[in-house]
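Geometric and topological summary
Residues per chain are reported as follows:
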Amino acid sequence: MDDAEFDSTLLRTAMTQAEALGWRRVTVTDAAREAGLPLDRARTRYPAPAFLLARVGLLADQAALAVDAGTGSTREKLFDVLMRRFDVLQQYRAGLRTVLRALPLDPALALMLAAQAQTSMRWMAQTAGLDTTGIAGALRVAGVFGVWMQALRAWERDDSADLSGTMAALDRALDRAESFGRFLGSTPAAPAAADEPLGETFVAEAELPPEI
């Protein structure tokens, strides 16, 4: 069994356990045993359950970045890459929902996931063509993070097969961010096309708790 198959088997088993027992009762040891995987290898690759969640985030990023954003407006590119992340999360939906419910009681995990999400959103912003350097760039990354958070809340409640509720929420969040960006009136290092107001600046208006 190669690493990819090992990781997939362990991750799916852990997410199934999370659905049945709640995230706080998941252990790498129990997941490995249930999956029939060697404990020494599981320990090497996943020292703690939080590393499983980091793996989900990495898989989501890889899926989002696997296809070049190509042409289109900044808004269109952001919509595409963020929805590709949701496509990966959807594979582990039931288990991840228990993680989201556990976060208020686990500040250390919440902080870890927030840091990972900030890194992920920087990649998403850069892929969409946003300048992420300097103070203005940090605000754009924070804006993408805010959009992701609003869409993630919708995804948690979205039981539709096609994620139509999540797509609608993401679209609305991009609308709000786009309008707020025009209001701030700052510009990135490179000029944006007239049909790409998101490239002018990109911030969110709400304080948002850390999530995946």
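Residues numbered from 1 in each chain as written. Predicted model: local features only at pLDDT ≥ 70, side-chain atom pairs only at ≥ 80, totals over all residues. Heavy atoms only, no water.

Given 3.6 residues per helical turn, the α-helix brings residues three or four places apart onto the same face. Counting buried residues along helix α6 (residues 93–102), seven of its ten residues qualify, which places the element largely inside the surrounding structure. By the burial criterion, the buried members of α6 are Arg93, Gly95, Leu96, Thr98, Val99, Leu100 and Ala102. Contacts from the buried residues of α6 go to α1 (3–21), α4 (49–65), α5 (74–91), α7 (107–127) and α8 (134–157). (Buried < 20%, exposed > 50% of the residue type's maximum accessible area, 1.4 Å probe, protein only. Helix = DSSP H or I, 4+ residues; strand = E, 2+ residues; numbered from the N terminus. Contact = heavy atoms within 4.5 Å.)

Attention now moves to the environment of threonine 13. As for its position among the elements, threonine 13 is in helix α1. The exposure class assigned to threonine 13 is buried, which follows from its relative accessible area of 11%. Taking the C-alpha atoms as reference points, threonine 13 and glutamate 34, 21 residues apart in sequence, are found 7.3 Å from one another. Leave out the neighbours within four places in its chain, and threonine 13 touches Ala31, Glu34 and Ala35.

This part is about the packing of aromatic side chains. Applying the stated criterion to the full structure yields two aromatic pairs. With 4.3 Å between their ring centres and 20° between their planes, phenylalanine 86 and tryptophan 148 make a pair best called stacked. Of this pair, phenylalanine 86 sits in helix α5 while tryptophan 148 sits in helix α8, and the two are 62 residues apart along the sequence. Ring pairing ties together the aromatic residues Phe86, Trp148 and Trp155, which thus form one cluster. Above the face of the tryptophan 148 ring, arginine 85 is positioned so that its terminal group lies 4.7 Å from the ring centre. Residue placement shows arginine 93 over the ring face of tryptophan 155; its charged tip is 5.1 Å from the ring centre. (Phe/Tyr/Trp six-rings, centres within 6.5 Å; stacked < 30°, edge-to-face > 60°. Lys NZ or Arg CZ within 6 Å of the ring centre and 35° of its normal.)

Let's shift gears to the confidence of the model for the chain. Residues with a pLDDT of 70 or more make up 84% of the chain, whose mean pLDDT is 86. Ranking the helices and strands of the chain by mean pLDDT puts helix α2 (residues 28–35) first, with 98, and helix α9 (residues 164–184) last, with 82. The model gives residues 182–210 a pLDDT under 50, and that stretch makes 64 contacts with residues more than four places away or in other chains. (pLDDT = per-residue confidence, 0-100.)

Applying the stated rule across the entire model yields ten salt bridges. Measuring nitrogen to oxygen at the nearest pair gives 2.8 Å for the salt bridge that ties arginine 41 to aspartate 3. Placement of arginine 41 in helix α3 (residues 39–45) and of aspartate 3 in helix α1 is noted, with a sequence separation of 38 residues between them. Accessibility expressed as a relative area gives 38% for aspartate 3, which makes it partly exposed. Aspartate 159 serves as the salt-bridge partner of arginine 93, at 3.3 Å between the closest nitrogen and oxygen. Here arginine 93, found in helix α6, pairs with aspartate 159, found in the loop between α8 and α9; they are 66 residues apart in sequence, far enough to count as distant. A single network of salt bridges, built from pairs that share partners, joins Asp3, Asp7, Arg41, Arg45 and Arg55. (Salt bridge = Lys/Arg side-chain N within 4 Å of Asp/Glu carboxyl O.)

Turning next to the packing of α1 against α6. A packed helix pair is summarised by two numbers, namely the angle formed by the two axes and the spacing between the axes. Look at α1 against α6: their axes get within 7 Å of each other, and the N-to-C directions meet at 60°. Taken together, the axes of α1 and α6 lie oblique to each other. Both α1 and α6 take part in a crossing whose hand is left-handed. Across the interface between the two elements, Met15, Ala18 and Glu19 of α1 pack against Ala94, Gly95, Leu96 and Thr98 of α6. (Axes fitted to C-alpha atoms, helices over the stretch in contact; angles between N-to-C directions. Parallel < 35°, antiparallel > 145°, perpendicular 65-115°, else oblique. Left-handed = near helix turned anticlockwise from the far one by under 90°.)

Let us now look at the environment of aspartate 61. Position of aspartate 61 relative to the elements: it lies in helix α4. Assessed through its relative accessible area of 12%, aspartate 61 is described here as buried. For the pair formed by aspartate 61 and valine 88, sequence separation is 27 residues and the distance between their alpha carbons is 9.0 Å. Setting aside chain neighbours within four positions, we find aspartate 61 in contact with Arg85, Ser120 and Met124.

The topology assignment puts arginine 85 in helix α5. At 3.5 Å, the side chain of arginine 85 forms a polar contact with the backbone oxygen of glycine 57. With residues near it in sequence (within four places) discarded, arginine 85 still touches Gly57, Ala60, Asp61, Ala64, Ser120, Met121, Met124 and Trp148. (Polar contact = N/O pair within 3.5 Å; in protein donor to acceptor, adjacent residues only side chain to side chain.)

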